[in-house]
Amino acid sequence: GSTIGILGGGQLGRMLSMAAARLGYRCHIYEPGAAPAADVAHARTQAPYEDLDALRRFAESCDLITYEFENIPAASLDVLAETTPLFPDRRALEVSQDRLTEKTFLAGLGLATAPFAPIDTPDDLPAALAATGTPAILKTRRFGYDGKGQARVMTPEDAPAALATLQGAPAIAEGFVRFSREISVIAARGRDGSVAAYDPGENVHVDGILSTTTVPAALPLKLRTDAVLVASRILTALDYTGVMGVELFVTPQGLVVNEIAPRVHNSGHWTQAGCAVDQFEQHIRAIAGWPLGNGARHANVVMENLIGADVARAVPLAAEPGVQVHLYGKAQARPGRKMGHVNRVTGPA
Ligand code: ATP
Ligand code: MG
Ligand code: MG
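Residues numbered from 1 in each chain as written. Chains lettered and ligands numbered in written order. Predicted model: local features only at pLDDT ≥ 70, side-chain atom pairs only at ≥ 80, totals over all residues.

Regarding the overall build of the protein chain
Here comes step 1: Assigned secondary structure in the protein chain consists of 11 helices and 17 strands.
Here comes step 2: Taking 349 residues into account, the globule formula puts the C-alpha radius of gyration at 20 Å, and the protein chain, at 20 Å, falls close to it.
Here comes step 3: Along the longest, intermediate and shortest principal axes, the C-alpha atoms of the protein chain span 60 × 50 × 40 Å.
Here comes step 4: A total of 349 residues make up the protein chain; the buried ones form 44% of that total.
Here comes step 5: Pairs at least 24 residues apart make up 61% of the contacts formed inside the protein chain by residues separated by at least 6 positions. (Helix = DSSP H or I, 4+ residues; strand = E, 2+ residues; numbered from the N terminus. Rg over C-alpha atoms; globule rule 2.2 N^0.38 Å. Buried ≥ 20, exposed ≤ 12 C-beta atoms within 10 Å, placed from the backbone. Contact = placed C-beta atoms within 7 Å.)

Following this line, the structure appears as structure tokens:
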């Protein structure tokens, strides 16, 4: 059978491997850390993302390569591409690796984003905040996740101290969006250009980390449709192959795109209990050239992340009817660490 290479050995890589195995593929995980969550794969390389020789050997062992981690250096992508196709391709990675490139791309499609401006040095702050207004959020341009690398600015006087907490990293300022809800759309595009989207989910974050996703989102039909149209617009513009997560704010003026993730997404885990083809199988189908699942939902679902010590709730939760438990096999339950999730079926769709 063919071998799918996956860059990144976290829980997303684990669940992708399991879906790929179901479709008859072997998986080879490339992960710098020891004892990855994705230790369910057939083969594993433990090496840094900058180790070009290890990457070359990895690529030669794979028929196609995908990723669950988007901060792969450009030189590493070049090495992979010498021998093996990469899906989603490097444009999707490059657009989404950097918040400035990402927002510029989204705004260029005519989609609504928060007002934004680049900040390279403290001297840029006055002009940037004039563009975004206050309150604003300063974010590192690269490597941020779970709300890390962000600082709120209530007044222009706060800004230098807030920027200092980002430790000199290139940053972006974003105007604060007064949203009523946060939603996300998980959508897929196949190698033949076909697109399938799941229903938008409603996301609640606690301390910057996704806590729950609920489907259906409490959203008028018009906005549900808008959200799916926004996602397919983005996929098509990137000539994208695979699953993408698109995070949106709901505002009185309509939808505002927050960020995109060129991979399966935590807010799409509900599809494991809500859809015949979940986001992980959908991604493998998309990159391997299979027909896409249609995204139809047969159940209402609440996904809840088990973070840190929450993992102790897994067994009691498993005793409740309609609860599906997923644990990632991580040894240490550090605070803020995603240890697993549960999908609770709350009724038929
Ligand atoms: P993720 O873990 O989803 O990748 P992240 O670290 O990349 O998160 P963002 O999604 O940009 O960060 O921001 C985290 C959260 O902070 C958002 O879900 C939202 O609640 C809030 N937030 C971010 N940007 C804005 C904004 N411009 N206006 C208002 N709230 C915002
Ligand atoms: Mg993000
Ligand atoms: Mg986010």
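Read on for the rest.
Concerning the sheet that holds strand β7 (residues 150-153)
Here comes step 1: With respect to topology, four strands assemble into an open sheet ordered β5-β8-β6-β7, the strand pairing being antiparallel. Both outer strands of the open sheet, β5 (116-119) and β7, are each paired with one neighbouring strand and no more. Recorded for the sheet is a direction-independent mean angle of 25° between the axes of neighbouring strands.
Here comes step 2: As paired elements, β5 and strand β8 (residues 171-175) share four bridges and run antiparallel to each other. Note on β8: the bridge partner recorded for Ile119 is Ala171.
Here comes step 3: Strand contacts of helix α6 (residues 125-132): β5, β6 (136-140), β7 and β8, with the helix running at about 170° to β5, the strand carrying the most contacts. (Pairing = 2+ DSSP bridges. Axes fitted to C-alpha atoms, helices over the stretch in contact; angles between N-to-C directions.)

Let's talk about the nonpolar core
Here comes step 1: With 87 residues, the main nonpolar core has Ala187, Ala231 and Val246 as its most contacted residues.
Here comes step 2: The leading source of residues in this core is helix α8 (residues 221-237), at six residues. (Core = buried A, V, L, I, M, F, W, Y, C linked by C-beta atoms within 7 Å.)

Quick word on the sheet that holds strand β4 (residues 64-67)
Here comes step 1: Taken in spatial order, the four strands line up as β3-β2-β1-β4 in an open sheet, and their pairing is parallel. Only two strands of the sheet have a single partner each, and these edge strands are β3 (43-45) and β4. Within this sheet the neighbouring strands show an average axis-to-axis angle of 25°, counted without direction.
Here comes step 2: Sheet topology note: the strand β2 (residues 26-30)/β3 ladder contains three bridges and is parallel. Directly across from Ile29, in β3, lies its bridge partner Arg44.
Here comes step 3: The sheet contacts of helix α1 (residues 11-22) involve β1 (3-7) and β2, and relative to β2 the element is tilted by about 165°.

Considerations on the site of ligand 1
Here comes step 1: Near ligand 1 you find 16 residues, and of these Ala114, Gly144, Asp146, Glu174 and Val177 are the closest.
Here comes step 2: Considered class by class, the residues forming the shell around ligand 1 number five nonpolar, five polar and six charged.
Here comes step 3: Here the shell around ligand 1 spans two domains, since at least three of its residues come from each of domain 2 (115-175) and domain 3 (181-348). (Near = placed C-beta within 6 Å. Nonpolar A, V, L, I, M, F, W, Y, C, P; charged D, E, K, R; others polar. Domains from an automatic or database assignment.)

Here we look at the packing of helix α4 (residues 90-97) against helix α5 (residues 99-108)
Here comes step 1: At a minimum axis separation of 5 Å, α4 and α5 run at an interaxial angle of 110°. Here α5 runs roughly perpendicular to α4, going by the angle between their axes. For the pair α4 and α5, contact is made by Glu94, Val95 and Ser96 and by Thr101, Glu102 and Phe105, respectively.
Here comes step 2: Within the contact of α4 with α5, the residues separate by chemical class into two nonpolar, two polar and two charged. (Parallel < 35°, antiparallel > 145°, perpendicular 65-115°, else oblique.)

Remarks on the UniProt feature "domain: ATP-grasp" (unreviewed entry) in the protein chain
Here comes step 1: When the UniProt feature table is mapped to this numbering, "domain: ATP-grasp" (unreviewed entry) covers residues 103-288.
Here comes step 2: With 27% helix and 33% strand, residues 103-288 has end C-alpha atoms that lie 29 Å from one another. (UniProt positions renumbered as here; feature names shortened; annotations may be inferred.)

Here we look at the domain arrangement of the protein chain
A common measure of how large an interface is: the accessible area buried when the components associate.
Here comes step 1: For the protein chain, the assigned domains read domain 1 (3-86), domain 2 (115-175) and domain 3 (181-348).
Here comes step 2: Computed over C-alpha atoms, the centres of domain 2 and domain 3 are 28 Å apart.

As for helix α10 (residues 279-288)
Here comes step 1: Burial of α10 is extensive: 10 of the 10 residues sit out of reach of the surface.
Here comes step 2: Within the sequence span of α10, burial applies to Gln279, Phe280, Glu281, Gln282, His283, Ile284, Arg285, Ala286, Ile287 and Ala288.
Here comes step 3: Where α10 is buried, its residues contact β1, α1, β4, β9 (181-189), β13 (242-251) and α9 (271-274).
Here comes step 4: Residue Gly289 follows α10 closely and has a positive phi angle near 80°.

Some words on α5
Here comes step 1: Among all positions in α5, only Arg99, Glu102, Lys103, Phe105 and Leu106 are buried. Projection of α5 onto a plane perpendicular to its axis shows the buried side chains occupying an angular sector of 160°, all on one side.
Here comes step 2: Contacts made by the buried residues of α5 are with α4, β5, β6, β8 and β14 (254-261).
Here comes step 3: Within two residues after α5, Gly110 carries a phi angle of roughly 85°, on the positive side. (Arc of directions from axis to C-beta.)

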